[in-house]
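So you can see what is in the structure, the chains are spelled out below.
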Amino acid sequence: QVQLVESGGGLVQPGGSLRLSCATSRRIVSIIVMGWYRQAPGKQRELVATITGSGNTNYADSVKDRFTISRDFAKNAVYLQMNSLKPEDTAVYYCNALNRYVGDDSPEVSWGQGTQVTVSS
């Protein structure tokens, strides 16, 4: 069983920055795809950004040019650098992963529990 743990959320002023981290409980052999989703009060969960094992990235139009997703195999983690934050970015952010891990013979899908990001003055 693979667990994902998000961290780095918090309260920031508009225009500020946060860096979210998503750490896996198992060592990654290869990334298939990892990403971030978010859910604001009264809204459906939406895709924020994804990154594949080959390094291809994808972003929601609302965050493109402001957010950057990256990965670190050595730390078994994926990150989301969020700059120029806006009040509308306020949401619970969830990490999602489809990876192969050391000791497993097949890929596994995992979701984190979420980390709160609040952008307010």
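Everything that follows concerns the structure shown earlier in this document.
Residues numbered from 1 in each chain as written. Predicted model: local features only at pLDDT ≥ 70, side-chain atom pairs only at ≥ 80, totals over all residues. Heavy atoms only, no water.

Brief notes about the side chain of Asp 89
Along the chain, Asp 89 falls in the loop between strand 8 (77-82) and strand 9 (91-101). Looking at Asp 89, the relative accessible area reads 1%, which means it is buried. Beyond its immediate stretch of four places on either side in the chain, Asp 89 contacts Arg 38, Val 63, Arg 66, Phe 67, Ser 84, Val 117 and Val 119. (Helix = DSSP H or I, 4+ residues; strand = E, 2+ residues; numbered from the N terminus. Buried < 20%, exposed > 50% of the residue type's maximum accessible area, 1.4 Å probe, protein only. Contact = heavy atoms within 4.5 Å.)

Here's the deal with the sheet that holds strand 7 (residues 67-72)
Taken in spatial order, the 4 strands line up as 1-3-8-7 in an open sheet, and their pairing is antiparallel. Only two strands of the sheet have a single partner each, and these edge strands are strand 1 (4-7) and strand 7. Ignoring which end each strand starts from, the neighbouring axes of this sheet average 15° apart. Of the strand pairs in this sheet, strand 7 and strand 8 are connected by 6 bridges, and their pairing is antiparallel. Each residue of the ladder has a partner; that of Thr 68, found in strand 8, is Gln 81. (Pairing = 2+ DSSP bridges. Axes fitted to C-alpha atoms, helices over the stretch in contact; angles between N-to-C directions.)

Overview of the pattern of salt bridges
Taken as a whole, this structure holds 5 salt bridges when the rule is applied. Arg 38 is the partner of Asp 89 in a salt bridge, and the nearest nitrogen-oxygen pair spans 3.0 Å. Of the two residues, Asp 89 sits in the loop between strand 8 and strand 9 while Arg 38 sits in strand 4 (residues 28-39), which places them 51 residues apart along the sequence. We note that Asp 89, like Arg 38, is buried. Put simply, Asp 65 and Lys 64 hold a salt bridge, and the shortest N to O gap is 3.9 Å. (Salt bridge = Lys/Arg side-chain N within 4 Å of Asp/Glu carboxyl O.)

What to know about the pairing of strand 8
Taken across its 6 residues, strand 8 has 5 buried, putting it largely inside the fold. Alignment of strand 3 (residues 18-24) against strand 8, held across 6 bridges, turns out to be antiparallel. Residue pairing in the sheet places Ala 23 in a bridge with Ala 77 of strand 8. Two successive antiparallel strands, strand 7 and strand 8, enclose a turn made up of 4 residues, where Asn 76 displays a positive phi of approximately 50°.

A few points about the packing of aromatic side chains
Applying the stated criterion to the full structure yields 1 aromatic pair. Considering the side-chain rings of Tyr 37 and Trp 111, the 5.1 Å spacing of their centres and the 55° angle between planes classify their relative orientation as tilted. With Tyr 37 in strand 4 and Trp 111 in strand 10 (residues 108-111), this residue pair connects regions lying 74 residues apart in the sequence. Under the relative-accessibility criterion, Tyr 37 is labelled partly exposed at 22%. Owing to a relative accessible area of 39%, Trp 111 belongs among the partly exposed residues under this scheme. (Phe/Tyr/Trp six-rings, centres within 6.5 Å; stacked < 30°, edge-to-face > 60°.)

On their own, these measurements won't tell you what the molecule is for.
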